[in-house]
Amino acid sequence: MPRKQKPLEARKRRAHFKSKRGCRNCKLRRVKCDEVHPQCQNCVQYGVTCNYNQGSDLQVTWQDKSLDTASQTVFSALPPPASIIPSIVIGEGIGSFSLDLNSQARLHRFYHRTLPTIGTPRVTALYRSEVIRLALAHPFLMRIMLTLATTHDRHLAQTSSIQDSILAQTESRHRAHAANLFNAKLSLPILPQDRDALWASAAMLGISVITSVQASVPECWPLKITPAEPETIYLQWMDFSINKKAIWHATDPLRPDSIFHVLADEYREFMAPPKTCGVDEIPKEFVDLCGFEDWDSGSNPYFKAVSMLTYLRNSRNGPRSSSETLCSSGVLPRDLRFIGLMEPEFKALLVERDLRALLILAYWYAPLSRGVWWMAGRARTECRAICLYLEQNCSDGLIRRLSNAVREKCGLGAGGRDSRFTDAVDSMWLEM
């Protein structure tokens, strides 16, 4: 008779502590996090940006009953769980793609972290409630959102060169897809259902163009003359404002059935030409430098640029209208009006490396070099480049002394600054 076996004893689980301080990515992948800040080793090896839990587990913000549960989950307070992959297909036909886990996490960060830095609270609310809905059906718009989220990741990461390289490659891939799809869409007759998506894409592409700085150090920037291209100065990013105007007219965001119609008052005020400042409101140093007293201001190519700069700096201390509400990053939409309303004659002077025009541009860059993340990198690099260029190529004492006031703001140091000479210019033009 066979011997009866004893029942196996229940396996006892070894006592352990469940950490609640691990990063979100490790929790999603269900792996042990070493909880090292700011980047845990798992995320470094996996090639993603580490993000530690700072909020609640509530399902919040935007949901649409027309979408499946997976699509809704992307916009919850926490990144989407791995269980919803593959689930979200963006668009149909050519250009359509599926959001993998990394892209869903980027979209989550764009929604909660990046959006508030690129617009006023009203703009942020509109993008969260309406524009992201459009992105689910328009691949070019979704690609642009993923581009900005990755650019923001790279700005915040400050990790190893390997990690930065991975993020840069991802950013370039999304940007290339976005540009190709966007240009292909514009090459065809614009359909009514595409107009809002095209305008939203143009607005965000403008920010992406600003963040795409080809040089990381001032010595390599635009003003460096190369034998191959002796007449070239790389200010093409400013041309995007012209392209945006063309897309604006083609899509008409102020039409009654546009989702952007609720922002009509902001748009009209933003695009309205600023009040012209009188010569008596402009710092005397620039009146002397540009010859405003001896030259009819209407024909002086510097006057509108200097007047605009004076207006922008003075308006920081005055009352704000609804369209001038600070976004969370501290930038005012009106700051970009300097580029959008730049006269062709003044830009021609910049292309010719006119010393006075470059100095005026540096004064616009200087306060922005310590401001919003998507403008600060370009402003800092190009402002430093202008200061170095003026130092090497200018013998005019007035220009050199005025440029010294800018050096401190963009991180180059005082450079022999005469505080008595530039205090008035500082208070009017260089304060954030």
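Just so you know, these numbers come straight off a predicted model, no measurement behind them. (Residues numbered from 1 in each chain as written. Predicted model: local features only at pLDDT ≥ 70, side-chain atom pairs only at ≥ 80, totals over all residues. Heavy atoms only, no water.)

Draft legend 1. Representation of the environment of histidine 37 in the model. Tracing the backbone shows histidine 37 in the loop between α1 (24-29) and α2 (41-46). Sequence-wise, histidine 37 and cysteine 23 are 14 residues apart; in three dimensions their C-alpha atoms are separated by 9.2 Å. (Helix = DSSP H or I, 4+ residues; strand = E, 2+ residues; numbered from the N terminus.)

Draft legend 2. Focus on the packing of aromatic side chains. Enumeration according to the criterion identifies 10 aromatic pairs in this entry. Ring plane angle 55° and centroid distance 6.1 Å describe the contact between phenylalanine 140 and phenylalanine 182, whose orientation is recorded as tilted. In this pair, phenylalanine 140 sits in helix α6 (residues 139-157) while phenylalanine 182 sits in helix α7 (residues 161-186), placing the two residues 42 residues apart along the sequence. For the pair tryptophan 248 and tyrosine 267, a centre-to-centre distance of 5.0 Å together with 70° between the ring planes defines the contact as edge-to-face. Linking tryptophan 248 in helix α9 (residues 240-251) with tyrosine 267 in helix α10 (residues 264-271), this pair joins segments that are 19 residues apart in sequence. What links up through ring pairs into an aromatic cluster is the set Phe338, Phe346, Trp364 and Tyr365. Its guanidinium or amino end placed over the ring of tyrosine 111, arginine 128 lies 5.1 Å from that ring's centre, counting from NZ or CZ. Lying over the aromatic face of phenylalanine 97, arginine 143 brings its terminal NZ or CZ to 3.9 Å of the ring centre. (Phe/Tyr/Trp six-rings, centres within 6.5 Å; stacked < 30°, edge-to-face > 60°. Lys NZ or Arg CZ within 6 Å of the ring centre and 35° of its normal.)

Draft legend 3. The arrangement of α10 in detail. Turning to α10, its buried residues are Ala264, Glu266 and Tyr267. All buried residues of α10 lie within an arc of 165° about the axis, which places them on one face of the element. Where α10 is buried, its residues meet α5 (121-135), α8 (195-211) and α9. (Buried < 20%, exposed > 50% of the residue type's maximum accessible area, 1.4 Å probe, protein only. Arc of directions from axis to C-beta. Contact = heavy atoms within 4.5 Å.)

Draft legend 4. Seen up close, the confidence of the model for the protein. Averaged over all residues, the pLDDT of the protein equals 75, while 69% of them reach at least 70. Low pLDDT, under 50, characterises residues 82-86; the predicted model gives this stretch seven contacts beyond four residues in sequence or across chains. The model gives residues 319-331 a pLDDT under 50, and that stretch makes 34 contacts with residues more than four places away or in other chains. (pLDDT = per-residue confidence, 0-100.)

Draft legend 5. Here's a closer look at the pattern of salt bridges. This model, assessed by the stated rule, comprises 15 salt bridges. For the salt bridge of glutamate 171 with arginine 175, the shortest nitrogen-to-oxygen distance reads 3.0 Å. Here the residue glutamate 171 and the residue arginine 175 both occupy positions in helix α7, the gap between them amounting to four residues, near one helical turn. Glutamate 171 sits in the buried class, given a relative accessible area of 2%. Ionic pairing is found between aspartate 257 and arginine 255, a salt bridge with its closest N-O pair at 2.9 Å. Via salt bridges that share partners, Arg195, Asp196, Arg255 and Asp257 belong to a single interconnected network. (Salt bridge = Lys/Arg side-chain N within 4 Å of Asp/Glu carboxyl O.)

Draft legend 6. Region of interest: the nonpolar core. Core analysis: the largest hydrophobic core is formed by 97 residues, its most contacted members being Leu141, Phe260, Phe338, Ile360, Trp364, Tyr365 and Met375. Looking at this core element by element, the count peaks at 11 residues for helix α15 (residues 355-368). Other than its neighbours up to four places away in sequence, phenylalanine 260 contacts Leu126, Tyr127, Val131, Asp196, Trp199, Ala200, Pro253 and Tyr267. Ranked by size, the runner-up nonpolar core spans five residues in total, among them Cys23, Cys33, Cys40 and Cys43. (Core = buried A, V, L, I, M, F, W, Y, C linked by side-chain atoms within 4.5 Å.)

Draft legend 7. Region of interest: the environment of alanine 379. In this structure, alanine 379 sits in helix α16 (residues 373-393). Separated by 169 residues in the primary sequence, alanine 379 and isoleucine 210 place their C-alpha atoms 9.3 Å from one another. Apart from residues lying up to four places away in sequence, alanine 379 is in contact with Tyr365, Leu368 and Ser369.

Draft legend 8. Spotlight on α5. For α5, spanning 15 residues, the distance from its first C-alpha to its last is 20 Å, which sits close to the expected 21 Å at 1.5 Å a residue. Buried within α5 are the following residues: Val123, Thr124, Leu126, Tyr127, Val131, Ile132, Leu134 and Ala135. Those residues of α5 that are buried lie in contact with β1 (89-90), α4 (101-114), α6, α8 and α10. (Expected span 1.5 Å × (residues − 1).)

Draft legend 9. The arrangement of the packing of α6 against α8 in detail. At a minimum axis distance of 9 Å, the contact between α6 and α8 shows a crossing angle of 30°. One element, α6, and the other, α8, form an angle in the roughly parallel class. Like other packed secondary-structure pairs, α6 and α8 cross with a definite hand, here left-handed. Contacts between α6 and α8 involve Phe140, Leu141, Ile144, Met145, Thr147, Leu148 and Thr151 on the former and, on the latter, Ala197, Leu198, Ala200, Ser201, Met204, Leu205, Ile207, Ser208 and Thr211. In terms of residue class, the contact of α6 with α8 is built from 11 nonpolar, five polar and no charged. (Axes fitted to C-alpha atoms, helices over the stretch in contact; angles between N-to-C directions. Parallel < 35°, antiparallel > 145°, perpendicular 65-115°, else oblique. Left-handed = near helix turned anticlockwise from the far one by under 90°. Nonpolar A, V, L, I, M, F, W, Y, C, P; charged D, E, K, R; others polar.)

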